[in-house]
Amino acid sequence: TGKELVAEAIHRNSKRRGGAFVKVNLGGIPSGLFESEMFGHVKGAFTDARSDKKGIFELAAEGTLLLDEIGDMRLDLQAKLLRVLEERTVRRLGGSVDLPVEATVIVTTNKDLKAATEQGDFRRDLFFRLSTFAVELPPLRERGNDILLLARYFLRYFASKYLKKGIKGFSPEAEKAMLAYG
């Protein structure tokens, strides 16, 4: 749907545009590493913690944090995230000091969080905390020429990054095929 591009555009046009834009796929973080990844840890907090490590919230301080696929989070981890969002502080795993974090937090999901809340699969208090301002992105198949805008963007991006060639665009046949797909 272009969720990440929309989140990045929000960041670039916000008062926090000078800060970092940090994105994390919550579904890709093993639950046993969630606290260390999100909140950081101090040296000695666990066996392999050989030095202090900033968490994702600290890395996004004064910037924007994109939490992708929040609908895939376990309920116990949702409670930990809610605490950070409400208190605007994190405590590194094994630490004793609460560190202030100021970041714009954008969450994305492909799930119906309201329905998940009603079914008990998503915390009601977290849902209300996150639903302050919602942007609905319909699927690309419902957005006409947006698919061509995204395809051209990715073509330019990957051609310049990996091919080092100036590929100009798609053939009319390729564009027609993309528009017909779905």
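Cut-offs used in this document
Residues numbered from 1 in each chain as written. Predicted model: local features only at pLDDT ≥ 70, side-chain atom pairs only at ≥ 80, totals over all residues. Heavy atoms only, no water. Helix = DSSP H or I, 4+ residues; strand = E, 2+ residues; numbered from the N terminus. Buried < 20%, exposed > 50% of the residue type's maximum accessible area, 1.4 Å probe, protein only. Contact = heavy atoms within 4.5 Å. Polar contact = N/O pair within 3.5 Å; in protein donor to acceptor, adjacent residues only side chain to side chain. Pairing = 2+ DSSP bridges. Axes fitted to C-alpha atoms, helices over the stretch in contact; angles between N-to-C directions. Salt bridge = Lys/Arg side-chain N within 4 Å of Asp/Glu carboxyl O.

Caption draft 1: Quick peek at the environment of Ser36. Of note, Ser36 is situated in helix H2 (residues 34-39). Take Ser36: its relative accessible area is 6%, and that puts it in the buried class. Between the C-alpha atoms of Ser36 and Ser160, which are 124 residues apart in sequence, the distance is 35 Å. Each residue touching Ser36, except ones within four places of it in the same chain, is listed here: His41, Phe46, Lys53, Gly55 and Leu93. Polar contacts involving the side chain of Ser36 include one to the side chain of His41, which spans 2.7 Å.

Caption draft 2: Region of the structure containing the environment of Leu59. Considering the arrangement of structural elements, one finds Leu59 in helix H3 (residues 56-59). C-alpha separation for the pair Leu59 and Met38, spaced 21 residues apart in sequence, amounts to 9.4 Å. Apart from residues lying up to four places away in sequence, Leu59 is in contact with Ala20, Val22 and Lys54.

Caption draft 3: Structural view of the sheet that holds strand E4 (residues 64-68). Across the sheet, three strands lie side by side as E1-E4-E7; this open sheet has parallel pairing. What marks the edges here is a single partner per strand, and that holds for strand E1 (21-25) and strand E7 (104-108). The average angle at which neighbouring strand axes cross in this sheet is 15 degrees, direction not considered. Pairing of E4 with E7 involves five bridges; the strand directions are parallel. When the sheet's bridge partners are listed, Leu65 is paired in E7 with Val105. Helix H1 (residues 3-12) contacts E1, E4 and E7 of the sheet and is inclined by roughly 155 degrees relative to E1.

Caption draft 4: Representation of the pattern of salt bridges. Under the defined criterion, the tally for this structure stands at 19 salt bridges. Across the pair Lys3 and Asp68 runs a salt bridge, and its minimum N-O distance is 3.6 Å. One end of the pair, Lys3, is in helix H1; the other, Asp68, is in strand E4, with 65 residues separating them in the sequence. Take Lys3: its relative accessible area is 21%, and that puts it in the partly exposed class. Here Glu102 and Arg88 are joined by a salt bridge, their closest N and O atoms 3.2 Å apart. Of this pair, Glu102 sits in the loop between strand E6 (98-100) and E7 while Arg88 is found in the loop between helix H4 (75-87) and strand E5 (89-91), placing the two residues 14 residues apart along the sequence. For Arg88, a relative accessible area of 48% gives the class partly exposed. Each of Arg16, Glu62, Arg88 and Glu102 takes part in salt bridges that share partners, so that together they form one network.

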